[in-house]
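Report on the structure
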Amino acid sequence: EAGVAQSPRYKIIEKRQSVAFWCNPISGHATLYWYQQILGQGPKLLIQFQNNGVVDDSQLPKDRFSAERLKGVDSTLKIQPAKLEDSAVYLCASSSPGPVRNEQFFGPGTRLTVL
Amino acid sequence: GQNIDQPTEMTATEGAIVQINCTYQTSGFNGLFWYQQHAGEAPTFLSYNVLDGLEEKGRFSSFLSRSKGYSYLLLKELQMKDSASYLCAVRGGGKLIFGQGTELSVKP
């Protein structure tokens, strides 16, 4: 079974530029998550999709971040314009409804450096 | 509010046993997860507890006390490859909240 795919793996941009990340979840997983992980911290949820609908985007800085999952499969996360404090690893995860555990499977992440 | 606390760093010796503690306060509780994250890699699932007690899986065990808001991850027969960050995460209110992670260094 293929895992969660993300691209690019690394991105370096200057502040005020825009950037987009792509994620393809595990086949059949209805729920997709985007996390931001700053160095030395745990992942922080930015947005959660159930199929193509947003379940939770309470921690997404909506003035500069946007995300979509138009066909309920792959997703893109965009930052426009980027700030220095956006330097982090952006992790995508997916999960499938299960009886109890329903753990999340993570992709390799995109490491963003904003100069 | 929601808060998860775990030690920032721990050091242990190869072959030994180490216990990583996690305390939490969340609105609603629907399970506690432990993830392992090697430097530069994605978190990978280790264990899940939703009822009080001990769950054992090979060299790894995880314990939960819901009344105390407390969990620990026990790693036995430590190997060098166990050097990683260990993330405690609590599911509540439909979302997974992660602690900051405990950086474990295993020394020969």
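Preceding block: the structure.
An account of the accompanying structure is given in this report. (Residues numbered from 1 in each chain as written. Chains lettered and ligands numbered in written order. Predicted model: local features only at pLDDT ≥ 70, side-chain atom pairs only at ≥ 80, totals over all residues. Heavy atoms only, no water.)

Some thoughts on the packing of aromatic side chains
The geometry of two aromatic rings is summed up by the distance between their centres and the angle between their planes. Threshold: Two aromatic rings, drawn from Phe, Tyr or Trp (for Trp, its six-membered ring), form a pair once their centres lie within 6.5 Å of each other, and the interplanar angle then sorts them: stacked below 30 degrees, edge-to-face above 60, tilted otherwise.
Using the criterion set out here, one finds 16 aromatic pairs over all chains in the structure. Among the aromatic side chains, those forming a connected cluster through ring pairs are Y33, Y35 and F106 of chain A together with F33, Y35, F45, Y48 and F98 of chain B.

Points about the interface of chain B and chain A
Threshold: Here a residue-residue contact requires only that any non-hydrogen atoms of the pair lie within 4.5 Å. Buried area is a sum: the accessible area each of two parts loses on coming together, probed at 1.4 Å, counted once for each and added. We define a salt bridge as a contact between a side-chain nitrogen of Lys or Arg and a carboxyl oxygen of Asp or Glu at a distance within 4 Å. Definition of a polar contact: a pair of N or O atoms within 3.5 Å, with one able to donate and the other able to accept a hydrogen when the atoms are protein atoms, and with sequence-neighbouring residues admitted only if both atoms are side-chain atoms. Helical segments are the DSSP runs of H or I of at least four residues, strand segments are the runs of E of at least two, and each set is numbered from the N terminus.
Contact with chain B, which involves 17 residues of that partner, is made by 22 residues of chain A. Taken together, the two surfaces of chain B and chain A that pack against each other cover about 1400 Å², and 54% of this comes from carbon and sulfur. Across the chain B-chain A interface, the total number found is one salt bridge. At the boundary of chain B with chain A, the tally comes to four residue pairs in polar contact (both at pLDDT 80 or more). Of all the secondary structure elements, the ones that give two or more residues to the side of chain B that touches chain A are β4 (32-37), β5 (44-49), β9 (84-92) and β10 (95-98) of chain B.

A word on the pattern of salt bridges
Taken as a whole, this structure holds six salt bridges over all chains when the rule is applied. Measuring nitrogen to oxygen at the nearest pair gives 3.7 Å for the salt bridge that ties D57 of chain A to K62 of chain A.

What about the state of the cysteines?
Cut-off, in case you're wondering: Throughout, disulfides are identified as pairs of cysteine sulfur atoms within 2.5 Å of each other. We call a residue buried when its accessible area falls under 20% of the maximum for its residue type, exposed when it is over 50%, and partly exposed in between, using a 1.4 Å probe and counting protein chains only.
One pass over the structure, following the stated rule, counts two disulfides over all chains. Each sulfur in the disulfide pair C23 of chain A and C92 of chain A lies 1.9 Å from the other. Disulfide C23 of chain A to C92 of chain A: torsion about the S-S bond roughly -70 degrees, handedness left-handed. Of this pair, C23 of chain A sits in strand β3 (residues 19-24) while C92 of chain A is found in strand β9 (residues 88-95), placing the two residues 69 residues apart along the sequence. For C23 of chain A, a relative accessible area of 0% corresponds to the buried category. Using a relative accessible area of 0% as the deciding quantity, one classes C92 of chain A as buried. Linked covalently through their sulfurs, C22 of chain B and C88 of chain B form a disulfide whose S-S length is 2.1 Å.

Some remarks on the environment of G42 of chain A
Residue and element names in this part refer to chain A. Within the fold, G42 resides in the loop between β4 (31-37) and β5 (44-50). Given the relative accessible area of 12%, G42 is considered buried. In this structure the C-alpha to C-alpha distance between G42 and S95, which are 53 residues apart in sequence, comes to 19 Å.

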